[in-house]
Amino acid sequence: MDQASDVRTLALGETSGTVPLARDFTRTALTEWGWLPAATADRRAAAEDVLLVVSELVTNACLHAEGPERLRVVRLTRSVRLEVTDRGAGQPAPRTPHRAGRPGGHGMFIVQRLCLDWGIERIPGAPGKTVWAELSSPA
């Protein structure tokens, strides 16, 4: 992982509207970092991809992992890293075979397609996990 130049953390927990809250928090960070408002279509697409991946990771934690506890948005030299920590024991994975056109089950497939890399970190002996994803910074 390259050098972090800014880290933003949002405690989530038992709140309603968790996904919009996470998106707004991330949008604010992207605005402060100069990603938004986007000057070009490529920059706008990069910011929209980040917001979509935040939505997918937080939604997955809500649906499959007893809810998200924390969102971290980390600005790196050439990318942005999103981390969603939850209390769940499950193992997120893209659904295979992926069925385009069927409702649900697309979250991790979308994350896999949009991101440079993604994965799961666990602390031995502690409940839950952190699902992370990295996306390229706009050119």
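For the structure given in this document, a descriptive report is provided here. (Residues numbered from 1 in each chain as written. Predicted model: local features only at pLDDT ≥ 70, side-chain atom pairs only at ≥ 80, totals over all residues. Heavy atoms only, no water.)

A sheet is described by the order of its strands in space; here 5 strands give the open sequence S1-S2-S3-S5-S4, paired in antiparallel fashion. Whereas interior strands pair on both sides, the edge strands pair on one side only; in this sheet they are strand S1 (4–11) and strand S4 (117–121). Adjacent strand axes in the sheet meet at a mean angle of 15°, parallel and antiparallel pairs treated alike. Direction of pairing for S1 relative to strand S2 (residues 68–76): antiparallel, over a ladder of 7 bridges. (Pairing = 2+ DSSP bridges. Helix = DSSP H or I, 4+ residues; strand = E, 2+ residues; numbered from the N terminus. Axes fitted to C-alpha atoms, helices over the stretch in contact; angles between N-to-C directions.)

This part is about the packing of helix H2 (residues 41–64) against helix H3 (residues 107–114). Contact pair H2 / H3: the axes reach a minimum separation of 9 Å and the direction vectors enclose 145°. The crossing of H2 and H3 is left-handed. Here H2 contributes Asp49, Leu52, Val53, Glu56, Leu57 and Asn60 to the contact with H3, which in turn contributes Gly107, Met108, Ile110, Val111 and Leu114. (Left-handed = near helix turned anticlockwise from the far one by under 90°. Contact = heavy atoms within 4.5 Å.)

This paragraph deals with the nonpolar core. Ranked by size, the top nonpolar core spans 30 residues in total, and within it Leu30, Trp35, Val53, Leu57, Leu71, Leu82 and Val111 carry the most contacts. Residue assignment for this core shows that the elements contributing at least two residues are helix H1 (18–32), H2, S2, strand S3 (79–86), H3 and strand S5 (129–136). Among the elements that take part in this core, H2 stands out by supplying 9 residues, more than any other. Sequence-distant contacts of Val53, that is, excluding residues within four places in its chain, are made with Leu82, Val111, Leu114, Cys115, Ala133 and Leu135. (Core = buried A, V, L, I, M, F, W, Y, C linked by side-chain atoms within 4.5 Å. Buried < 20%, exposed > 50% of the residue type's maximum accessible area, 1.4 Å probe, protein only.)

With that settled, consider the pattern of salt bridges. Counted by the stated rule, this structure contains 9 salt bridges. In this structure, Asp24 and Arg27 form a salt bridge, with 2.9 Å as the shortest nitrogen-oxygen distance. Placement of the pair is Asp24 and Arg27 together in helix H1, with a separation of 3 residues, close to one helical turn. Classification of Asp24 as partly exposed rests on a relative accessible area of 43%. For Arg27, a relative accessible area of 31% gives the class partly exposed. Note that Glu121 is salt-bridged to Arg81, the shortest N-O span being 3.0 Å. Residue Glu121 is found in strand S4, and its partner Arg81 is found in strand S3; the two are separated by 40 residues along the sequence. When its relative accessible area of 40% is taken as the criterion, Glu121 is described as partly exposed. By sharing partners, the salt bridges in this structure join Arg72, Arg81, Glu83, Glu121 and Glu134 into a single network. (Salt bridge = Lys/Arg side-chain N within 4 Å of Asp/Glu carboxyl O.)

Everything listed here is a matter of geometry and, on its own, says nothing about what the molecule does.
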